[in-house]
Amino acid sequence: MNFLLETLQVLFLSIYYLLEAFVMLFIPVRRKNVAGEIVLITGAGSGIGRLMAIEFAKLGAALVLWDISKEGNKETARLAKEKGASRVHSYLCDCSNTAEVYRVADQVKREVGDVSILINNAGIVTGKKFIESPDNLIVKTMEVNTMAHFWTYKAFLPAMIASNHGHLVSIASSAGMIGVNGLADYCASKFAAVGFAESVALELEAKKKNGIKTTIVCPYFINTGMFDGCSTKWPNLLPILNPDYAARKIVDGILKDQVYILLPRTLYLLMGLKNCIHWKFGVLLGRYVGVFESPNHCESHTKHH
């Protein structure tokens, strides 16, 4: 296909998808049935990970819970069983350790089966200015927030490709789309997570594996305790999110095979302005979306946002 035809194709598809998105605003999207699906959630011992596990439990999914906190995971498992999960399996796993991820993944495949919905949720934040951040914490941030996604995909994606069935979910962050003052390492790790997830999605599309869905979640700061010390200068436009609300919206988006989930919805507008107007708008926006001021703040990667 020559350049002119390819250009026309891109323009046509762009218009088509814009019209499709507009029409879908008024047409209810059918939600898929996840009863019996094996859902693995990293960082499931607290925060959004726990709340998502509870939401999937209500839908009758089989849950695989990964966390570095035995007690946190145990409590999530108890709550999930109360809410109707068909099966619940808990595993201790340090997602920053490559060998441990592969070891526990093999254990899951032997004891539970092939994971069909993989949710990379585990995350950490150091809460230090870049110059003040110790090297080991910067490395840890990249290992948990980014590299762990590589290893879990390597472990569970082959089975999804073989059956052409599955769903990959990356719980990233609005800080993976806009730089934030005081979160240099965290932003870098989330930008990387978004880029990685997008690239793998394109690989799957090129392979015509349309039975494997992908969802990238980019919420603003969620009030789970992980971002204590972070303030918003536009509380009406960009509020700190309620955890229960965020978990419900994320799971609902997964059920609808939504490719991107931005919370709150005003982020869609802000991202459009950043990308369309000028890069300096992105700098301006980064100054006001939030300022992280809590010193010496480092949360366990059982918590996210």
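Residues numbered from 1 in each chain as written. Predicted model: local features only at pLDDT ≥ 70, side-chain atom pairs only at ≥ 80, totals over all residues. Heavy atoms only, no water.

The next point concerns the nonpolar core. Core analysis: the largest hydrophobic core is formed by 82 residues, its most contacted members being F56, W66 and I119. The biggest single contributor to this core is helix α5 (residues 135–163), with eight residues. (Core = buried A, V, L, I, M, F, W, Y, C linked by side-chain atoms within 4.5 Å. Buried < 20%, exposed > 50% of the residue type's maximum accessible area, 1.4 Å probe, protein only. Helix = DSSP H or I, 4+ residues; strand = E, 2+ residues; numbered from the N terminus.)

Here we take up the state of the cysteines. This model, assessed by the stated rule, comprises zero disulfides. Looking at the unpaired C93, the closest cysteine sulfur is the one in C95, lying at 4.6 Å. (Disulfide = S-S within 2.5 Å.)

A few words now on the sheet that holds strand β1 (residues 38–42). Spatially, seven strands are ordered β3-β2-β1-β4-β5-β6-β8 in an open sheet, and the strand pairing comes out parallel. Of all the strands in the sheet, just β3 (87–92) and β8 (260–263) have a single pairing partner and so form its edges. Looking at each pair of strands side by side, their axes are set apart by 15° on average, direction ignored. In the sheet, β1 pairs with strand β2 (residues 62–67) via five bridges, with the strands oriented parallel. Looking across to β2, one finds that I41 is bridged to L65. Running over the sheet, α5 touches β1, β2, β4 (117–120), β5 (166–171) and β6 (212–219) and is turned about 175° from β4. The sheet contacts of helix α6 (residues 184–206) involve β5, β6 and β8, and relative to β6 the element is tilted by about 160°. (Pairing = 2+ DSSP bridges. Axes fitted to C-alpha atoms, helices over the stretch in contact; angles between N-to-C directions. Contact = heavy atoms within 4.5 Å.)

In total, this model carries eight salt bridges according to the counting rule given. Here K32 makes a salt bridge to D257, at a shortest N to O gap of 2.8 Å. Of the two residues, K32 sits in the loop between α1 (3–24) and β1 while D257 sits in the loop between α7 (243–255) and β8, which places them 225 residues apart along the sequence. Taking the shortest distance from any N to any O, the salt bridge between D94 and K140 comes out at 3.9 Å. Pair noted here: D94 is in the loop between β3 and α4 (98–111) and K140 is in helix α5, with a separation of 46 residues, a long-range link. You can call K140 partly exposed: its relative accessible area is 29%. A single salt-bridge network, built from bridges that share partners, covers R31, D252 and K256. (Salt bridge = Lys/Arg side-chain N within 4 Å of Asp/Glu carboxyl O.)

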